[in-house]
Amino acid sequence: MVTDNFCELFEEIYQHPAQAMSAAPGRVNLIGEFTDYNNGFVLPCALEFYTRILYRKRNDNKVVVHSLHYPGECDEFALDTEITRGDSQWGNYIRAVAYVFKRQGHQLSGVDLLIDSNVPQGSGLSSSAALEVAVGGVFNQACQLNLSNETIALLGQEAENDFMDCQCGIMDQLVSANGKKAHALLIDCQSLATEAIGIPDDLSIVIVNSNYPRKLVDSEYNQRRIDCEQAANKMSVASLRDADIDMLDNARSSMTENEYKRAHHVITENSRVLNATQALKNNDMQMLRALMTASHLSLRDDFEVTIPETDGLVEICQTALGNAGAVRMTGGGFGGAIVCLCRHDDIDKIKAAVSAHYFSRFNIQASLYVGKAGNGLQVTEF
Ligand code: ADP
Ligand code: MG
């Protein structure tokens, strides 16, 4: 869905029509959490929720940007001087992308931009990656850079790492760029090889956002990453991708308790992703259920990124679905969302259980989305 008069609004704001639209989706990760920046495996899918950007090239070196989500606010910056952070929190994402494209040596020209999105923000569906990839799509097309979707994704990740100071891995941007309708994407984050895995027709993806306000979590998130790197160092491997449980146990005495636990999560999660890929291919709900449950417990006990609200939501949905569904927390943790895989007929059980139990236990309303796997980045000229 896109705001009805999106194109008219662009014309109203900029006094000329848009020339093209770049659209990139949010995503949900089915399994493989915190494995991406350890060069491991992840299995996300792009969702049919999109961030869309209408644009028109300008005759100067200015980027002007409005977002329908922040009416009355406008960010504006020049491309021919150093790009630094501005006052607009969301405008910084556009600056971030322009900054890394320029740093890479790409010649950019000024653009007028208007953003619309139905990717919920801060819900764990990665609206930030959708925005970065969509902005990358704008510059790629408007400036005829001929970059691959993979390169646009890598630049989006750099934007988030180096300008926004969030040390995320490549998963969100890569699946936003390369997602495929009705498929999940198995990503080998070491080689960036991807394999599209068909999602069985009778499987629904339900995302329940805890709506717990995430605050000051970047430092926690970044600390997990440091713990993982330290653990890899102590096992003398380049990344946790190259470690196994025996190596971990042998090096345990040299590690802090946190380094051991973080690495234990990553090593076991990598093998769960590969097994879940097979289970998805076989439409094997029992196996998916066992693997997603184990993933959640590992995130709770080893990686320590769940909170009572997300643990509670998982428990509520697991109880509602019984053997008929697979449930775990998804995304960066410290709040955010959980994901359930179930048959279409069972969606109502989740809805009923969440409305009966979540608010009464936690005093927050949850939001529920039934997601469909959609395509990645698309740029359409008018
Ligand atoms: P998540 O990626 O989980 O949705 P983040 O906090 O990483 O949450 O990113 C959300 C931020 O991305 C917003 O606060 C805003 O700055 C920016 N953003 C996302 N979507 C839009 C949009 N449609 N318009 C403007 N900014 C957006
Ligand atoms: Mg984000």
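Please read these numbers as outputs of a predicted model, since none were measured by experiment.

Take unusual backbone geometry next. A positive phi angle, close to 60°, is found at N39, a residue other than glycine. Tracing the backbone shows N39 in the loop between β1 (20–31) and β2 (41–57).

Glancing now at the packing of helix α2 (residues 91–103) against helix α4 (residues 149–163). Taken N-terminus to C-terminus, the directions of α2 and α4 make an angle of 110°; their axes are 8 Å apart at the nearest point. Taken together, the axis directions place α2 and α4 in an arrangement best described as roughly perpendicular. Between α2 and α4 the crossing geometry is right-handed. Where α2 approaches α4, its residues N92, Y93, R95, A96, V97, Y99, V100, F101 and R103 are matched on the opposing element by L155, E158, A159, E160, D162 and F163. Partitioning the contact of α2 with α4 into residue classes produces nine nonpolar, one polar and five charged.

One ladder, built from five bridges, connects strand β6 (residues 183–188) with strand β7 (residues 194–198); its direction is antiparallel. Opposite I187, over in β7, you have T194 as the bridge partner. Here β6 folds back onto β7 in antiparallel fashion, the turn holding five residues, of which L192 has a positive phi close to 65°.

A few words on the pairing of strand β9 (residues 325–330). Note on strand geometry: in a regular strand, side chains alternate between the two faces of the sheet. Across the six residues that make up β9, a large majority, six, are buried. By the bridge criterion, six bridges tie β9 to strand β10 (residues 337–343) in an arrangement that is antiparallel. Within β10, the residue paired with A326 across the bridge is L341. Where β9 hands over to β10, the hairpin turn is made up of six residues, of which G331 adopts a positive phi near 90°.

What follows is about the domain arrangement of the protein. Domain assignment breaks the protein into domain 1 (6–198) and domain 2 (203–371). For domain 1 versus domain 2, the separation of C-alpha centres amounts to 25 Å. Taken over both partners, the interface formed by domain 1 and domain 2 buries close to 3200 Å², and the fraction arising from carbon and sulfur atoms is 63%. For the pair domain 1 and domain 2, the interface holds three salt bridges.

So, how was this worked out
- Residues numbered from 1 in each chain as written.
- Chains lettered and ligands numbered in written order.
- Predicted model: local features only at pLDDT ≥ 70, side-chain atom pairs only at ≥ 80, totals over all residues.
- Heavy atoms only, no water.
- Helix = DSSP H or I, 4+ residues; strand = E, 2+ residues; numbered from the N terminus.
- Axes fitted to C-alpha atoms, helices over the stretch in contact; angles between N-to-C directions.
- Parallel < 35°, antiparallel > 145°, perpendicular 65-115°, else oblique.
- Left-handed = near helix turned anticlockwise from the far one by under 90°.
- Contact = heavy atoms within 4.5 Å.
- Nonpolar A, V, L, I, M, F, W, Y, C, P; charged D, E, K, R; others polar.
- Pairing = 2+ DSSP bridges.
- Buried < 20%, exposed > 50% of the residue type's maximum accessible area, 1.4 Å probe, protein only.
- Domains from an automatic or database assignment.
- Buried area = accessible area lost by both parts, 1.4 Å probe.
- Salt bridge = Lys/Arg side-chain N within 4 Å of Asp/Glu carboxyl O.

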